[in-house]
Amino acid sequence: MIVQECNLSLDELLKFDGVMAAGIFSPEGKLVEYKSRDEMPKEMAEMTAKFCGAVNLMFDALASAYTQLYKMNWVPQQNWMYSGGDWTVMISGTRGVFVDKSKADLKKLFMALGMC
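The structure reproduced in this document is the subject of the present report. Since the model is a prediction, treat every value here as computed from it, not as a measurement.

### Regarding the overall build of the protein
In step 1: A tally of regular secondary structure across the protein gives three helices and five strands.
In step 2: Listing every helix and strand of the protein by position from the N terminus yields α-β-β-α-β-β-β-α.
In step 3: Against the compact-globule benchmark of 13 Å for 116 residues, the protein has a radius of gyration of 14 Å, which places it among compact chains.
In step 4: Along the first, second and third principal axes, the C-alpha atoms of the protein reach 45 × 30 × 25 Å.
In step 5: Put simply, the protein has 116 residues, and 40% of those count as buried.
In step 6: A sequence separation of at least 24 residues applies to 46% of the contacts in the protein between residues at least 6 apart.
In step 7: Carbon and sulfur atoms make up 59% of the accessible area of the protein, which amounts to about 7,200 Å² in all.
In step 8: Counting 12 positive and 14 negative side-chain charges, the protein places the averaged centre of each group 4 Å from the other.

### So, the layout of surface pockets
In step 1: When its volume is computed, the largest pocket comes out at roughly 260 Å³.
In step 2: In terms of lining residues, the largest pocket is bounded by Phe59, Leu62, Ala63, Tyr66, Asn73, Trp74, Val75, Pro76, Gln77, Gln78, Asn79 and Trp80.
In step 3: Elements represented by at least two residues in the lining of the largest pocket include exactly α2 (42-70) and β3 (79-84).
In step 4: For the lining of the largest pocket, the element with the highest residue contribution is α2, accounting for four residues.

About the thresholds
Residues numbered from 1 in each chain as written. Predicted model: local features only at pLDDT ≥ 70, side-chain atom pairs only at ≥ 80, totals over all residues. Heavy atoms only, no water. Helix = DSSP H or I, 4+ residues; strand = E, 2+ residues; numbered from the N terminus. Rg over C-alpha atoms; globule rule 2.2 N^0.38 Å. Buried < 20%, exposed > 50% of the residue type's maximum accessible area, 1.4 Å probe, protein only. Contact = heavy atoms within 4.5 Å. Areas by Shrake-Rupley, 256 points an atom, 1.4 Å probe, with all protein chains shown as cover. Lys, Arg positive; Asp, Glu negative; His and termini not counted. Charge placed at Lys NZ, Arg CZ, Asp CG, Glu CD. 1 Å grid on protein atoms, 1.4 Å probe; cavity = no way out; pocket = protein on both sides within 12 Å on 5 of 7 lines; lining within 4 Å. Points joined across faces, edges and corners; volume = space filled by probe spheres on them.

Following this line, the structure appears as structure tokens:
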């Protein structure tokens with residue numbers, strides 16, 4: 001269960017260097033809203049939302065199990081990031097960004113997402 005998440009607007013998120021798209025998705029992975037700098041196709045945004053919803057569910061299950069079984073506090077889920085090749089996805093709750101990592105300060109961006 002996600003209690004706190006970033007509340008920066010999509011326009012605010014797009015102002016960060018390297019952010020190519022920003023979006024909001026439902027907990028089930030349905031695209032709610034998105035904006036992009038270079039016209040990310042809606043189909044790509046919808047697929048990304050499904051991926052992010054699925055990953056959130058997986059991390060919620062893992063966090064609950066670790067918290068219950070091993071008495072390690074992993075809840076509530078706050079943020080996660082995937083980085084591969086030239087791209088990074090950063091998620092805070094059900095809001096996230098699609099980033100060209102060669103143009104971004106990932107640490108600054110992750111801090112902004114995590115401190116909302």
